[in-house]
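# Descriptive analysis of the structure
Letter by letter, the chains look like this.
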Amino acid sequence: MSRARLRWNGTAASDAIREAAARGLLLGAEHVLAASRQRVPIAEGTLERSGATSVDEQQMTAAVSYDTPYARRVHEDMTARHAPGRSAKFLEGVLPETAGEVQALIAAQVRRALR
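Calculation notes
Residues numbered from 1 in each chain as written. Predicted model: local features only at pLDDT ≥ 70, side-chain atom pairs only at ≥ 80, totals over all residues. Heavy atoms only, no water. Helix = DSSP H or I, 4+ residues; strand = E, 2+ residues; numbered from the N terminus. Salt bridge = Lys/Arg side-chain N within 4 Å of Asp/Glu carboxyl O. Buried < 20%, exposed > 50% of the residue type's maximum accessible area, 1.4 Å probe, protein only. Patch = residues over 30% accessible without salt bridge, like charges linked within 9 Å, V, L, I, M, F, W, Y side chains within 5 Å. Areas by Shrake-Rupley, 256 points an atom, 1.4 Å probe, with all protein chains shown as cover. Lys, Arg positive; Asp, Glu negative; His and termini not counted. Charge placed at Lys NZ, Arg CZ, Asp CG, Glu CD. Contact = heavy atoms within 4.5 Å. Expected span 1.5 Å × (residues − 1). Axes fitted to C-alpha atoms, helices over the stretch in contact; angles between N-to-C directions. Parallel < 35°, antiparallel > 145°, perpendicular 65-115°, else oblique. Left-handed = near helix turned anticlockwise from the far one by under 90°. Nonpolar A, V, L, I, M, F, W, Y, C, P; charged D, E, K, R; others polar. Core = buried A, V, L, I, M, F, W, Y, C linked by side-chain atoms within 4.5 Å.

## A word on unusual backbone geometry
- Phi at M60 is positive, roughly 55 degrees, even though this residue is not glycine.
- Positionally, M60 belongs in the loop between β1 (51–56) and β2 (61–66).
- The phi torsion at K89 lies on the positive side, around 60 degrees, for a residue other than glycine.
- Relative to the helices and strands, K89 is located in the loop between α3 (71–76) and α4 (94–113).

What follows is the structure, encoded as structure tokens:
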């Protein structure tokens, strides 16, 4: 009767999955940012250029933000008129539309880490 050996690298696997998920979160946030930039109202382009992404690897959360003093006002003002294809809620509006793609980006990174 032969004996088989099994080596369990659970901690290494968990660490690799967590790192991959964080990379996926960043890719997902960048995807949402790119989609929202297609809708952000443009006067001079300052608001569009102020878009940024960040990932908190401890909390496993990602954020997409626009950093101008007027970003919140422009995002929330549903009465303002904008050029065709541009609108208020330029960030909030793309979130449900890109959710599946963001999930796929995260999953792809995790799958890659498990190869």
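## Thoughts on the pattern of salt bridges
- Summed over all chains, the structure comprises 3 salt bridges.
- Across the pair K89 and E76 runs a salt bridge whose closest N-O atoms are separated by 2.6 Å. You can see K89 sitting in the loop between α3 and α4 and its partner E76 sitting in helix α3, a full 13 residues away along the chain.
- The closest approach of N and O atoms between K89 and E92, which form a salt bridge, is 3.4 Å.
- Of the residues examined, E92 reaches a relative accessible area of 43% and is grouped as partly exposed.
- What you see here is one network of salt bridges that share partners, running through E76, K89 and E92.

## Considerations on a positive patch on the surface
- On the surface, R23, R111, R112 and R115 cluster together into a positively charged patch.
- Looking at where R23 falls in the secondary structure, it is placed in helix α1 (residues 10–37).
- Note on R23: relative accessible area 40%, which makes it partly exposed.

## Description of the environment of G24
- Mapped onto the elements of the fold, G24 is located in helix α1.
- The class for G24 is buried, based on a relative accessible area of 0%.
- The spatial distance from the C-alpha of G24 to the C-alpha of A108 is 7.6 Å, given a sequence separation of 84 residues.
- Sequence-distant contacts of G24, that is, excluding residues within four places in its chain, are made with L105, I106 and Q109.

## A look at α1
- Counted at 1.5 Å a residue, the expected span for α1 with its 28 residues is 40 Å, and the 40 Å between its end C-alpha atoms agrees.
- Taken as a whole, α1 has its buried residues at G10, A20, A21, A22, G24, L25, G28, A29, V32, L33 and S36.

## Looking at the packing of α1 against α4
- Two elements in contact, α1 and α4, have axes whose closest approach is 8 Å; the angle formed by their N-to-C orientations is 150 degrees. Viewed along their axes, α1 and α4 adopt a mutual orientation that is roughly antiparallel. Where α1 crosses over α4, the two elements pack in a sense that is right-handed.
- Its residues assigned to classes, the contact of α1 with α4 comprises 15 nonpolar, 6 polar and 2 charged.

## Notes on the nonpolar core
- One finds V32, V40, L47, V64, Y66, F90 and L91 to be the most contacted residues of the largest nonpolar core, which totals 13 residues.
- Where this core is concerned, the elements lending two or more residues are α1, β2, α3 and α4.
- With 3 residues, the single largest contributor to this core is α1.
- Discounting chain neighbours no more than four positions away, the residues touching V64 are A29, V32, L33, A52, T53 and L91.

These results come straight from atomic positions and should not be treated as a statement about function.
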